[in-house]
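Listed below, chain by chain, are the residues.
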Amino acid sequence: MADEEKLLPLKRARRTSSPSSSSTQVGAAHDRNQPRQQQVVATKPTKQSHNRTQPGALDQQPQGEPTTKKPTATATTNSKPSSGKTGGVAHDPAPKKPKTTTTDKGSSTTSGTTDSRPKSSASTRKPISGGATVAKDKPNAAAATKAALLKKPASRAVASAATTTQKKPTESERLKVDLTKAKELAEERLNNLREKEGQLQTTLEQLKEAVEDLEQTRLSRDGFKKLSEERLSELTTLQEEYETAQKQLQEAMAQIEQHTNTITANEQLISELKNKLHESEEERKRIHNKWQEQIGSIRVYCRIRPELSDKELAQFQFEQDYREVIILEPSKDVTGSPTLKKHPFLFDKVFPKMTTQEEVFQEIAPLVQSVLDGYHCCIFAYGQTGSGKTFTMEGPPNVFSEEGAETLRGVIPRAMEYVFQYKNSKNLQGWTYEFEVSCMEIYLDEMHDLLALDKSAKLSILEKNQKVTITNLSTIKVSTPAEVYELISLSAKNRARAETLLNADSSRSHCIFQLRVRAVNNETMQKFNSVLNLVDLAGSERIEESGVTGQRLAEAKAINLSLSHLSQVILNISKNATATFRASKLTHVLREYLSAGSKVLMFVNISPMRSDTNHTINSLTFAKNVRECKLGPARRQVTESGQQPLTAAATTTTTTSSSSGSNKPTPGRRPAATGRGSLRPANTLSSSLTLRASSLSATTRL
């Protein structure tokens, strides 16, 4: 309501500002009724008449100056006539606001009239005659015109504005002010409306969002309700399935229990059968060994070396539980078509190329046990150069120094571990053991001590009653496997080796490692001296293939010649003919252990390469002949009771010089080797090993 009251004067002013309004006509009639002598007519138009739009731009009219008035240009207001003479300007101390009248319809009308005609038209009217005073000075007339234009009548009763002495705001100025206020008010209200509109828009958007949220909530609620119903249905189905599965599980548990009982019974049966099978196998081995001891045949094991290059491999077949190996050699039939020629060989055991060192030793362990029982045994490896003989007997180089190489140890170190383990067991039944080792090589048919410090000492063979003794051979007493490992490493460094076209690390000599066992039973007063010979033979080679010359050529000839004598000796034994053991140093040294009364086992090592097929067939043919050789029953080297028992505290060893000619046996032992080969006391082992460590850097005789 306050805003509408403020806008009422503006509405009234708009209605009264038109030329045809009633207020304008009333004002004009009122001006005609005023005395003619009070009207002042401007004689000339002035530029100041155009400054009506600038309120306050004209200064107040000085008192006493005549004023001019356009007949119809200005609107008159009802104001009291000012006192003064005719033709003077009345001084109005303060302008008054126009009065408003209320019509019957409730609308208010501003008193006074406003001429809408251009103000410049007042200067074209003629001055009214009849007592009117015309200003003579143009400046005074212009000023009077300006004052008359700016003067606002106070009321309709005022006869003339020329008598006033103070300028009053004109109707247009008031209208402008009202319009300005109305405009400001309208803008303020418009801004308020815009703010409200923005608030309403925000509220509307919030309402829309709320509606969308409600709709989404409704949809989510419906979806959740539907999902809950589905989940409830699934849960019901799962509950039924669970009950069914639980019943099936109970049935399955009952079946499992039955099967478990059956499996337990079967496992017990399998365990019993395994035990029986093991017992049967042990019995078979015992009977087989006894049979071999009775007939004295040489056992032969064949081992195939793993491939070391990407060359073409030969084809092998294994039959009879890995006792027969068949070589398939490419050939041609009578029509010239390619075919495979079969070469079968039957041995006591065949080891494929992936056989481990442990598996190999498990097969020969009974033979090592025979040494601890008082039998002479000899195990040697035969084959062409590079077929893996040294690997089988000793293992790879640095097998004792490299970490994690224990699984690659060969027959010699594993045999030493076996005898010491047996010595420390509780199944000795009154026996005490002492072990002594020696190692020699036969190079260019000459014997050399691989453990000796004095390289100038010559080794020689003394034979009496078909028993061979090596003079000046170092024999060292050992008590732990570690001491044996050190001696094996020393002998390997001192052994003759060289490189050929067929083998980068070819052994150029035959190596003979001997373990001497001295055992005494303090309960039965029995004693024995047995020897285990572990021989790594040099490999046979074809000179045209190995490409050797000079010293290597002489070595190859000596190796092949000694192997030829060995095969001839074995062939003569198999034919019950006279064997010429003295034909070479190799057969002469091993005479006692290749004759009747000893147990002999031979490894025949072969190459898996097809290019070595001819060598392989030759080696297997020789091994086949060896297996057919019968040495006679094995004899246990046991001395009956009646002599003083040998104890660890009473054991003594002596050193006999070969030059003295004295060879008196020590009680409780076999005649000692003469010279440097005599047995040494246990307290001299540390110093002996220390002295031998200084000779590790000694070069081989090449």
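Only a predicted model underlies this, so the values are computations on that prediction, with no experimental measurement involved.

Colleague: Account for the overall build of the protein, naming residues and giving values.
Modeller: Counting its regular elements, the protein contains 13 helices and 19 strands. Taking all 702 residues of the protein together, the buried fraction comes to 43%. A separation of at least 24 residues holds for 74% of the contacts in the protein among residues at least 6 apart in sequence.

Colleague: Lay out the pairing of strand S11 (residues 460-464) with the relevant residues and their values.
Modeller: Relative to strand S12 (residues 467-471), S11 runs antiparallel, the two sharing five bridges. If you follow Ser460 over to S12, its bridge partner there is Thr471. Between the antiparallel neighbours S11 and S12 lie two residues, among them Asn465 with a positive phi of about 55°.

Colleague: Break down the pattern of salt bridges for me, citing the residues and quoting the values.
Modeller: Under the defined criterion, the tally for this structure stands at 20 salt bridges. Residues Lys353 and Glu307 are paired through a salt bridge, measuring 3.2 Å at the closest nitrogen-oxygen approach. Taken together, the residues span a long stretch of sequence, with Lys353 in the loop between strand S7 (349-351) and helix H5 (357-372) and Glu307 in the loop between strand S3 (299-304) and strand S4 (315-319) at a distance of 46 residues. Under the relative-accessibility criterion, Lys353 is labelled partly exposed at 29%. For Glu312, the salt bridge is made with Arg610, and the minimal N-O distance between the two is 2.5 Å. A residue pair is termed long-range when its members are at least 10 positions apart, and Glu312 in the loop between S3 and S4 and Arg610 in the loop between strand S18 (599-606) and helix H12 (613-627) qualify at 298 residues. Judged by its relative accessible area of 24%, Arg610 falls in the partly exposed class.

Colleague: I'd love a proper account of the side chain of Glu541, names of residues and values included.
Modeller: Mapping Glu541 onto the fold places it in the loop between strand S17 (526-536) and helix H9 (543-546). When its relative accessible area of 6% is taken as the criterion, Glu541 is described as buried. Reaching out from Glu541, the side chain makes a polar contact with the side chain of Arg508 at a distance of 3.0 Å. The contacts of Glu541, once residues within four sequence positions are left out, are Thr385, Leu502, Ser506, Arg508, Ser546, Val548, Ala556 and Asn560.

Colleague: Can you explain the sheet that holds strand S6 (residues 338-346)? Please cite residues and give values.
Modeller: Read across the sheet, three strands follow the order S4-S5-S6 without closing on themselves; strand pairing throughout is antiparallel. Lying at the two open borders of the sheet, with one neighbouring strand each, are S4 and S6. Each neighbouring strand pair of the sheet contributes to a mean axis angle of 30°, computed without reference to strand direction. Two elements, S4 and strand S5 (residues 324-332), share five bridges in a ladder whose sense is antiparallel. Note that in S5 the partner of Glu319 across the bridge is Glu324. The strands touched by H12 within the sheet are S5 and S6, with S5 carrying the most contacts at an inclination of about 140°.

Colleague: Residues and numbers for the packing of helix H7 (residues 411-423) against helix H8 (residues 481-494), please.
Modeller: Two elements in contact, H7 and H8, have axes whose closest approach is 9 Å; the angle formed by their N-to-C orientations is 160°. Between H7 and H8, the angle is such that the two are roughly antiparallel. Here H7 runs over H8; the crossing is right-handed. Every residue of H8 that contacts H7 at Ile412, Pro413, Met416, Glu417 and Phe420 is listed here: Pro481, Val484, Tyr485 and Ile488.

Colleague: Residue-level account of the confidence of the model for the protein, with values.
Modeller: Scored by pLDDT, the protein has a mean of 74; 66% of the residues are at 70 or more. Averaged over each element, pLDDT in the protein is lowest for helix H13 (residues 685-693) (39) and highest for strand S13 (residues 476-478) (96). Contacts from residues 152-159, a stretch scored under 50 in pLDDT, to residues over four places away or in other chains number 49 contacts. Note on residues 642-702: pLDDT is under 50 here. Beyond four places in sequence and across chains, it has 131 contacts.

Colleague: Describe in detail the packing of aromatic side chains, supporting the description with residues and values.
Modeller: Under the counting rule described, the total for this entry stands at 12 aromatic pairs. Considering the side-chain rings of Phe420 and Phe435, the 5.1 Å spacing of their centres and the 80° angle between planes classify their relative orientation as edge-to-face. Residue Phe420 is located in helix H7, and its partner Phe435 is located in strand S9 (residues 431-443); the two are separated by 15 residues in the primary sequence. On the accessibility criterion, Phe420 (3% relative accessible area) is buried. Classification of Phe435 by relative accessible area gives buried; the value is 1%. A network of ring pairs unites the aromatic residues Phe420, Tyr422, Trp431, Tyr433, Phe435 and Phe528 as a single cluster. Its guanidinium or amino end placed over the ring of Tyr485, Arg409 lies 4.7 Å from that ring's centre, counting from NZ or CZ. One cation-aromatic arrangement involves Lys599 over Tyr375; the distance from NZ or CZ to the ring centre is 4.2 Å.

Here is what the cut-offs are and how they apply
- Residues numbered from 1 in each chain as written.
- Predicted model: local features only at pLDDT ≥ 70, side-chain atom pairs only at ≥ 80, totals over all residues.
- Heavy atoms only, no water.
- Helix = DSSP H or I, 4+ residues; strand = E, 2+ residues; numbered from the N terminus.
- Buried < 20%, exposed > 50% of the residue type's maximum accessible area, 1.4 Å probe, protein only.
- Contact = heavy atoms within 4.5 Å.
- Pairing = 2+ DSSP bridges.
- Salt bridge = Lys/Arg side-chain N within 4 Å of Asp/Glu carboxyl O.
- Polar contact = N/O pair within 3.5 Å; in protein donor to acceptor, adjacent residues only side chain to side chain.
- Axes fitted to C-alpha atoms, helices over the stretch in contact; angles between N-to-C directions.
- Parallel < 35°, antiparallel > 145°, perpendicular 65-115°, else oblique.
- Left-handed = near helix turned anticlockwise from the far one by under 90°.
- pLDDT = per-residue confidence, 0-100.
- Phe/Tyr/Trp six-rings, centres within 6.5 Å; stacked < 30°, edge-to-face > 60°.
- Lys NZ or Arg CZ within 6 Å of the ring centre and 35° of its normal.

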